[in-house]
Amino acid sequence: MNIFRLLGDLSHLASILILLQKIRSTRSCRGISFKTQALYATVFITRYLDLFYDWVSLYNFAMKIFFIASSCYVLYLMKYKYRPTHDPSIDTFRVEYLIGPCAVLALLFHYRFTIPELLWSFSIFLESVAILPQLFMLQRTGEAETITTHYLAALGAYRALYIPNWIYRWITEDMVDPIAVTAGIVQTALYLDFFYVYFTKVLQGQKFELPA
């Protein structure tokens, strides 16, 4: 564990807490993509199956449980408790175009041909593109609530902070994970346009609106 990894994990944790606060305080899931949340739940479930047989640390165990439980809870809130506030007519990204290629990539690029390793690789590739339905929604609506942008910013910062973490581990431990690094760079790149608008508008006290 190093400072970049810790800050990345805390940013990830903060993103989920911000999302839950947005949904609970407004009693609405308006502006949140159910499809993105379902993809993230899939990512956590397929990646963290090892918590049942591979003990690392209490911190590791607690974080895995939190991410699985919180993602499922968000799906429950969106699907049942606040379902009338979700508009599926603007959450139309075809997720099969993400899941299929990620499954193929997992079969092609992995470290061991075992079910846990294939699921891990699949989760890494899927996480790199899971935000696309949410970004697609932003493109369709052209705007977002401020608290929703804070959620997305924390989520993007989480992955961006993993880049110096990988560099640090390469320097200090001579360790590189090409699958995670490549997927992480792709994931970070997807946020560039969002971060530009976030820093130039939201952090300046203006409403988040995409250029026409």
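Here the structure is a predicted model, which means the values were calculated and not measured.

Chemist: Go over a nonpolar patch on the surface, please, and point to the residues and values.
Modeler: On the surface, a cluster of nonpolar side chains totalling about 550 Å² of accessible area is made up of Met1, Ile3, Leu6, Leu7, Leu10 and Tyr59. Considering each element in turn, the nonpolar patch owes the most residues, four residues, to helix α1 (residues 3-26). Inspection of the secondary structure puts Tyr59 in helix α3 (residues 58-81).

Chemist: I'd like to hear about the nonpolar core, residue by residue, with values.
Modeler: Within the largest apolar cluster, 52 residues are counted, with the highest numbers of intra-cluster contacts made by Tyr40 and Phe194. Per-element accounting of this core gives the leading share, seven residues, to helix α7 (residues 146-173). Sequence-distant contacts of Phe194, defined by excluding residues within four places in its chain, comprise Leu138, Thr149, Leu152, Ala153 and Phe208.

Chemist: Residue-level account of α1, with values.
Modeler: Residue pairs spaced three or four apart in an α-helix point in one direction, given the helix's 3.6 residues per turn. With 24 residues, α1 ought to run about 34 Å at 1.5 Å a step, and its terminal C-alpha atoms sit 34 Å apart, in line with that. Every buried residue of α1 is accounted for by Gly8, Asp9, Ser11, His12, Ser15, Ile16, Leu19, Leu20, Lys22 and Ile23. Along its buried surface, α1 packs onto α2 (34-47), α3, α5 (115-129) and α7. The opening residue of α1 is Asn2, an N-cap whose side-chain oxygen sits 3.0 Å from the backbone nitrogen of Phe4. Arg27 sits one or two positions beyond α1 and adopts a positive phi of about 55°.

Chemist: Describe the state of the cysteines, listing the residues and the values that go with them.
Modeler: Applying the stated rule across the entire model yields zero disulfides. With no disulfide of its own, Cys72 lies closest to Cys29 among cysteine sulfurs, the gap being 16 Å.

Chemist: Quick one: what's the story with the packing of α1 against α7, residue by residue and with numbers?
Modeler: When two helices pack together, their arrangement is given by the angle between their axes and by how far apart the axes lie. Relative orientation of the contacting elements α1 and α7 amounts to 165°, with a least axis distance of 8 Å. Considered as vectors, α1 and α7 are oriented roughly antiparallel to each other. By crossing handedness, the relation of α1 to α7 is classed as left-handed. When grouped by side-chain class, the residues that make up the contact of α1 with α7 number 14 nonpolar, eight polar and three charged.

Calculation criteria
- Residues numbered from 1 in each chain as written.
- Predicted model: local features only at pLDDT ≥ 70, side-chain atom pairs only at ≥ 80, totals over all residues.
- Heavy atoms only, no water.
- Patch = residues over 30% accessible without salt bridge, like charges linked within 9 Å, V, L, I, M, F, W, Y side chains within 5 Å.
- Areas by Shrake-Rupley, 256 points an atom, 1.4 Å probe, with all protein chains shown as cover.
- Salt bridge = Lys/Arg side-chain N within 4 Å of Asp/Glu carboxyl O.
- Helix = DSSP H or I, 4+ residues; strand = E, 2+ residues; numbered from the N terminus.
- Core = buried A, V, L, I, M, F, W, Y, C linked by side-chain atoms within 4.5 Å.
- Buried < 20%, exposed > 50% of the residue type's maximum accessible area, 1.4 Å probe, protein only.
- Contact = heavy atoms within 4.5 Å.
- Expected span 1.5 Å × (residues − 1).
- Polar contact = N/O pair within 3.5 Å; in protein donor to acceptor, adjacent residues only side chain to side chain.
- Disulfide = S-S within 2.5 Å.
- Axes fitted to C-alpha atoms, helices over the stretch in contact; angles between N-to-C directions.
- Parallel < 35°, antiparallel > 145°, perpendicular 65-115°, else oblique.
- Left-handed = near helix turned anticlockwise from the far one by under 90°.
- Nonpolar A, V, L, I, M, F, W, Y, C, P; charged D, E, K, R; others polar.

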